[in-house]
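Structure at a glance
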Amino acid sequence: MSYIKTAHKLRILFFLISFFLISLSAEHLLAQAPVLQITNSFTQQSVLYNSDSFAHTAWKPVLYTDSTYQKSSNSWLYRKFFQEHLLQVQQPGFNIFGDILFDEYLGSTKRAVPTKSSTNQGGADKSKFIYMNTRGYELSGNVGDKFYFQTDFFENQGSFPGYVDSSIRKSGVIPFQNRFKNLKEKGFDFSYSSAKLVYTPNKYLLFNLGYGTNFIGDGYRSLLLSDYNTNYPYFRTSVNLGKVQYSVMFSQYITDNKSYAYALGSPRKWGQTYLLDWHVTKSLNIGIFDAVISSMENANHEKDFGLTHFSPVIFLHGSESPSGLKNNDIYGLNLKYTIIPTSDAYAQFMLDKTGSADCEKRYGYQGGIRAGNLFNIYGRSAQAEFNTVR
């Protein structure tokens, strides 16, 4: 399947590049390398919003230096279970962290799900039993303070509640995971992976090549660019000039639907995403968003790709493909206002398909507030948010 092959190729590429950089840099870097990490849903409040270290927080994940990391003197067993990674190599010039991960659950569903044998026996055999067996690994690290790499892979076998099961069998896709293989009498076999390589040559530039997801906004959900989807290959460049940060990302979205003979193997779309974020005052950030989704093939399923697919300038991209197919343009606004330290209000506005007769029906807006260290208790946070799209 095309998306699995793409993921495997990218993982191999990231391994080769990362370990080449490690071997190259370790000979020249004598000082202890800082520990670089990227934010996730568990760390972004404490890293991005409980301090004023970052002027620009809209585009996630954010690369940061983990200054809280300290070596422990506890026993090896205690450290590996509660404090450290299973694989932890820290040498002058580079760090490598790795873990083997498991996720298991058992349960039941109110609506029984027909098994494979029930189809052959007139529907007599049904099951309410659901489970998931996930095994995988995660590997990350950095070379000095300029290179960060991360990759993971997970293999899964399991079953889902009735309403999810019926949706999967109808669409042929597991939500956020793409295609699958049937597993024995009942259930699904599927895998997923992600990878990224981040290079920051100086304090002004950032390059991020990856296979994963991105997120734009300061809320729980995003109306502009959400990580609530499947992984995809992308390349992002960011220029940081203090109060102004400009980011552009090129991405490709692939499906395994092969109803036609496609020139590129599988139907796919091309994405260009732009964000101009302005740190207006110490408390206020205003972000201008623009994105265009375009076809990579014409109506005859032939290649339809041109220079307009690579424009690095916001708003200066083609509204049509070389063959004349209309692109889907999306415009938006991202706002954040710091009320008090550790408490922020945020909002988004999105307008889709501008210029069409029904553009007034294609808009959305978001409003919310988030607070950290509530009642002076470190780590306690709260968030309230409202979203509407029509």
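You'll find the structure just up there.
Residues numbered from 1 in each chain as written. Predicted model: local features only at pLDDT ≥ 70, side-chain atom pairs only at ≥ 80, totals over all residues. Heavy atoms only, no water.

Structural notes on the packing of aromatic side chains
Put simply, the rule is: Classification of ring pairs rests on two measures: the distance between centres of Phe, Tyr or Trp rings, Trp counted by its six-membered ring, which must be within 6.5 Å, and the angle between planes, read as stacked under 30 degrees, edge-to-face over 60 and tilted in between. Only DSSP runs of H or I covering at least 4 residues are called helices, and only runs of E covering at least 2 are called strands; the numbering of each starts at the N terminus. For every residue, the accessible area obtained with a 1.4 Å probe (protein chains only) is divided by the maximum for its type, and the residue is called buried under 20%, exposed over 50%, and partly exposed between those limits. The rule is short: NZ of Lys or CZ of Arg within 6 Å of the ring centre and within 35 degrees of the ring normal puts a charge over the ring.
Enumeration over the complete set of coordinates arrives at 19 aromatic pairs. With 6.5 Å between their ring centres and 35 degrees between their planes, tyrosine 137 and phenylalanine 153 make a pair best called tilted. Within this pair, whereas tyrosine 137 is found in strand β6 (residues 126–143), its partner phenylalanine 153 is found in strand β7 (residues 147–158), the two being separated by 16 residues in sequence. Of the residues examined, tyrosine 137 reaches a relative accessible area of 26% and is grouped as partly exposed. An angle of 40 degrees between the planes, with centres 6.3 Å apart, marks the rings of tyrosine 365 and phenylalanine 386 as tilted. In this pair, tyrosine 365 is assigned in strand β18 (residues 363–372) and phenylalanine 386 in strand β19 (residues 381–389), connecting sequence segments 21 residues apart. You can call tyrosine 365 partly exposed: its relative accessible area is 36%. Ring-pair connections join several aromatic residues into one group, and the members of that group are Phe147, Tyr199, Phe207 and Phe235. We note arginine 221 situated over the ring of tyrosine 228; from NZ or CZ to the ring centre the distance is 4.2 Å.

Concerning the environment of isoleucine 174
Formally: The criterion used for residue contact is that any of the two residues' heavy atoms lie within 4.5 Å.
Among the secondary structure elements, isoleucine 174 is positioned in the loop between α5 (162–171) and β8 (181–182). Exposure remark for isoleucine 174: the relative accessible area of 2% places this residue in the buried category. Residues isoleucine 174 and valine 164, 10 residues apart in the sequence, show an inter-C-alpha distance of 8.6 Å. When neighbours within four sequence positions are excluded, isoleucine 174 is seen to be in contact with Phe160, Ile168, Phe180, Phe188 and Phe190.

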